[in-house]
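# Residue-level structure breakdown
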Amino acid sequence: MAATQEEIVAGLAEIVNEIAGIPVEDVQLDKSFTDDLDVDSLSMVEVVVAAEERFDVKIPDDDVKNLKTVGDATSYILKHQS
Amino acid sequence: MTSKIKPPKGAPYARIMGVGGYRPVQVVPNEEILKHIDSSDEWIRSRSGIATRHWAGPDETVAAMSVEAAGKAIADAGITAEQIDAVIISTVSHFMQTPSVATEIAHALGAGKPAAFDISAACAGFGYGLTLAKGLVVEGSASHVLVVGVERLSDLTDMTDRATAFLFGDGAGAVIVGPAEEPGIGPTIWGSEGDKNTTIKQTVGWDKFRVGDLGLLPLDEDGGIKFPAITQEGQTVFRWAVYEMAKVAQQALDAAGITADDLDVFIPHQANMRIIDSMVKTLKLPEHVEVARDIETTGNTSAASIPLAMERMLATGQAKSGDTALVIGFGAGLVYAATVVTLP
Ligand SMILES: CC(C)(COP(=O)(O)OP(=O)(O)OC[C@H]1O[C@@H](n2cnc3c(N)ncnc32)[C@H](O)[C@@H]1OP(=O)(O)O)[C@@H](O)C(=O)NCCC(=O)NCCS
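Quantities reported herein were computed from a predicted structural model and do not represent experimental measurements.

Of the regular secondary structure elements, chain B holds nine helices and 14 strands. Relative to the compact-globule value of 20 Å for 344 residues, chain B shows a C-alpha radius of gyration of 20 Å, a close match. Along the longest, intermediate and shortest principal axes, the C-alpha atoms of chain B span 65 × 50 × 45 Å. For chain B, with 344 residues in total, the buried portion stands at 55%. Charged side chains in chain B number 27 positive and 41 negative. The centres of these two groups are separated by 4 Å.

If you tally the helices and strands in chain A, you get five helices and zero strands. For chain A, the sequential pattern of α-helices and β-strands runs α-α-α-α-α. For chain A, the spread of C-alpha atoms along the three principal axes comes to 30 × 25 × 20 Å. Of all 82 residues assigned to chain A, the portion counted as buried reaches 46%. Counting every atom, chain A has about 4,400 Å² of accessible surface; 49% of that belongs to carbon and sulfur. Charge centroids of chain A, computed over 6 positive and 19 negative side chains, lie 6 Å from each other.

With that settled, the discussion passes to the side chain of Ser48 of chain B. Residues and elements named next belong to chain B. As for its placement among the helices and strands, Ser48 is situated in helix H2 (residues 41-48). Judged by its relative accessible area of 0%, Ser48 falls in the buried class. Among the polar contacts made by the side chain of Ser48, one reaches the main-chain carbonyl oxygen of Ile44 at a distance of 2.6 Å. Beyond its immediate chain neighbours, meaning those up to four positions away, Ser48 contacts Phe166, Leu167, Asn272, Met273 and Ile295.

Bringing the UniProt feature "modified residue: O-(pantetheine 4'-phosphoryl)serine" (unreviewed entry) in chain A into the picture now. When the UniProt feature table is mapped onto this chain numbering, "modified residue: O-(pantetheine 4'-phosphoryl)serine" (unreviewed entry) sits at Ser41 of chain A. The topology assignment puts Ser41 of chain A in helix H3 (residues 41-55). With a relative accessible area of 27%, Ser41 of chain A lands in the partly exposed category. Aside from chain neighbours lying at most four places away, what touches Ser41 of chain A is Arg47 and Gln235 of chain B.

All names here are of chain B. If you walk across this open sheet you meet the five strands as E8-E14-E13-E11-E12, and the pairing is mixed. In the strand order of this sheet, the two ends are held by strand E8 (189-192) and strand E12 (290-291), each with one partner. Where strand E11 (residues 265-268) meets E12, two bridges bridge the pair, whose relative direction is parallel. Directly across from Val265, in E12, lies its bridge partner Glu290. With respect to the sheet, helix H6 (residues 234-256) is in contact with E8, strand E13 (324-331) and strand E14 (335-342), its orientation differing from that of E14 by roughly 40°. Those strands touched by helix H7 (residues 273-282) are E11, E12 and E13, and its axis lies near 140° from that of E11.

Another aspect to go through is the UniProt feature "domain: Carrier" (unreviewed entry) in chain A. Within this numbering scheme, the UniProt entry marks residues 3-81 of chain A as carrying the feature "domain: Carrier" (unreviewed entry). Strand forms 0% of residues 3-81 of chain A and helix 65%; the C-alpha atoms that close the span are 8 Å apart.

Let's shift gears to the layout of surface pockets. Volume-wise, the second largest pocket comes out at about 500 Å³. Forming the boundary of the second largest pocket are 15 residues, of which Ile19, Glu46, Val49 and Ala50 of chain A together with Thr282 of chain B lie nearest the centre. Mapped by element, the contributors of at least two residues to the lining of the second largest pocket are helix H1 (5-20) and H3 of chain A together with H6 and H7 of chain B. Residue classes in the lining of the second largest pocket are distributed as seven nonpolar, two polar and six charged.

In this section: the packing of helix H3 (residues 62-77) of chain B against helix H4 (residues 101-109) of chain B. All names here are of chain B. For the pair H3 and H4, the least separation of the axes is 9 Å and the interaxial angle reads 50°. Taken together, the axes of H3 and H4 lie oblique to each other. The two elements H3 and H4 meet at a crossing, and its hand is right-handed. In this structure, H3 uses Val62, Ala63, Ser66, Val67, Ala70, Gly71 and Ile74 to contact H4, whose residues at the interface are Val101, Glu104, Ile105, Ala108 and Leu109.

The next thing to look at is the side chain of Thr74 of chain A. Residues and elements named next belong to chain A. Mapped onto the secondary structure, Thr74 falls in helix H5 (residues 70-80). Exposure remark for Thr74: the relative accessible area of 1% places this residue in the buried category. Aside from chain neighbours lying at most four places away, what touches Thr74 is Gln5, Ile8, Val9, Leu12 and Leu29.

As a further point, take the nonpolar core. All names here are of chain B. By size, the foremost hydrophobic cluster in this structure holds 50 residues, and its most contacted members are Phe266, Leu326, Ile328 and Phe330. The element contributing the most residues to this core is H6, with ten residues. Those residues in contact with Phe266, other than ones at most four positions away along the chain, are Met279, Val280, Leu283, Leu285, Val289, Glu290, Val291, Ala292, Leu326 and Ile328. Membership of the second largest hydrophobic core comes to 34 residues, among which are Ala11, Val175, Val265 and Ala319.

As a further point, take the packing of aromatic side chains. All names here are of chain B. In this structure the tally under the stated criterion is seven aromatic pairs over all chains. Ring geometry for Trp43 versus Phe166: centroids 5.6 Å apart, planes at 85°, classification edge-to-face. One end of the pair, Trp43, is in helix H2; the other, Phe166, is in the loop between strand E6 (145-152) and strand E7 (170-180), and 123 residues separate them in sequence. Given the relative accessible area of 5%, Phe166 is considered buried. Each residue in the set Phe95, Trp206 and Phe227 is aromatic and connected to the rest through ring pairs, giving one cluster.

What counts, and where the lines are drawn
Residue positions are given per chain, counted from 1 along the sequence in the order it is written. Both sets of labels track the order of writing: A upward for chains, 1 upward for ligands. Local features are withheld for residues below a pLDDT of 70 in this predicted model, meaning they are given only at 70 or higher, and side-chain atom pairs are given and counted only at 80 or more; totals for whole chains, interfaces and linings count all residues. The side-chain values count all of the structure's non-hydrogen atoms but skip hydrogen atoms and water molecules. Helical segments are the DSSP runs of H or I of at least four residues, strand segments are the runs of E of at least two, and each set is numbered from the N terminus. The atom set for the radius of gyration is the C-alpha atoms, and the globule formula is 2.2 Å times the number of residues raised to the power 0.38. Think of it in three bands: with a 1.4 Å probe and only protein chains considered, a residue is buried below 20% of the maximum accessible area for its type, exposed above 50%, and partly exposed in between. Asp and Glu count as negative and Lys and Arg as positive, but His and the ends of the chain are not part of the count. Note that the charge is assigned to NZ on lysines, CZ on arginines, CG on aspartates and CD on glutamates. Per-residue accessibility takes into account occlusion by the displayed protein chains alone, with areas from the Shrake-Rupley method and a 1.4 Å probe. In protein, a polar contact requires one atom able to donate a hydrogen and another able to accept it; more generally it is a pair of N or O atoms within 3.5 Å, and residues adjacent in sequence count only if both atoms are side-chain atoms. The criterion used for residue contact is that any of the two residues' heavy atoms lie within 4.5 Å. UniProt positions are given in the numbering used here, feature names are shortened, and annotations may be inferred rather than shown by experiment. A pair of strands counts as paired when DSSP detects no fewer than two bridges linking them. The axes used here are C-alpha line fits, helices contributing only the stretch in contact, and every angle between their N-to-C directions lies in the interval 0 to 180 degrees. Of the grid points, spaced at 1 Å and generated over the protein atoms alone, those admitting a 1.4 Å probe that cannot get out make up cavities, while open sets with protein on both sides within 12 Å along at least five of seven lines make up pockets; any residue with an atom within 4 Å of a point is treated as lining. Grid points are joined across faces, edges and corners, and a volume is the space filled by probe spheres set on the points. Asp, Glu, Lys and Arg are counted as charged, while Ala, Val, Leu, Ile, Met, Phe, Trp, Tyr, Cys and Pro are counted as nonpolar; the rest, among them Gly, fall into the polar class. Roughly parallel refers to an angle under 35 degrees, roughly antiparallel to one over 145, roughly perpendicular to one between 65 and 115, and oblique to any angle outside these ranges. For a crossing to be left-handed, the near helix must be turned anticlockwise from the far one by less than a right angle; the clockwise case is right-handed. By convention a nonpolar core is built from buried Ala, Val, Leu, Ile, Met, Phe, Trp, Tyr and Cys residues, the set being connected through side-chain atoms within 4.5 Å. Two rings from Phe, Tyr or Trp (for Trp, the six-membered ring) form a pair when their centres are within 6.5 Å of each other. A pair whose planes differ by under 30 degrees is stacked, one over 60 is edge-to-face, and the rest are tilted.

Here it is in structure tokens:
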């Protein structure tokens, strides 16, 4: 079943917490992965890989660079999840 | 119809009997790399874990480094060079296509008339060589096989390429594979993904250096011809490594019939500390498993990285003889090879 926006944000928060050690409550829609959450370009790849597994989406390399904020990633997953 | 050919008489099993390494004399800190690219020590350390690497000097040729490393492995194995009856050299940075550098190394070691050949499997080269060696010993075509992973990647590095200038290093790592009464090398999980064969590659082939084709060669800022170098799509390779290689490593554990709990040591190809950290997490390796982090002072030495790290771990006491180790190599091709071994 497709995840809701809240579920996706909560899922991303857990992933970011696991990979970068950021408290889950800091992971909000308007937060930038690199500027606010200390997720660098390589951690971002790990976040994307984990999100693909969790939400059953494909996020190609070329699209990763457009996912600047948690909101960007959430909308992307909402739109592309199967 | 019955075959007229006698069945082969190999050893029941094979094991790694000895290991040796050679690191070039010149140590190159990140500061040296920063002369050519816009970067910082902090960035290089945080994205790759590399602080220093070794670069080979003119006398530290692929053959010379291999002979040094092999000599140590032979001594460590407690055999003589004459007992070696096959020599497998894995390298992508030996510039003489023929004859194979393996023959030169075998001769320099005084190994008599062993079978000798080079293989090309980039950063999976050690695992490929080890797998061939095991097969030869168990099948009976050889009793003691010298396997060397050796690279002078500094020769194939574009010092002005921000994506690779800081990554590569030079060196040689060698093992002796010989007969054993119990399994010392597990089943290999190996393969290739040729659909990704452009993600790490040499910029141009040597054939482009023919006079008629010179116009096709890449040029530097001053119009000079650029020597071939290794380029890569870093993010794509990183993603493949963290996602796919953890699975391959797990398959190697499964094939050996053990779990992460049974491991003492993990020696992944030293490509990037971040890949190593990620694999340790994904594989859920318990605290007691010692992890090779030789990349910090060695950089990525491709085929040489696993035996070099193995030797250092044994020398520093981080690992000991008889330990059970998971080894996995992966790189240009893209190719990979993972197996579980007992340390010599
Ligand atoms: C090479 C590698 C460290 C590069 O890291 P990366 O995060 O992919 O780098 P990117 O090119 O995406 O760049 C990310 C950011 O760092 C910057 N950057 C790139 N190279 C840089 C360098 N050498 N120094 C400083 N900054 C650099 C980029 O400009 C970019 O900045 P921006 O986000 O502000 O635009 C990484 O991709 C890697 O190690 N991949 C695996 C490669 C490997 O192991 N290969 C061998 C396998 S055998």
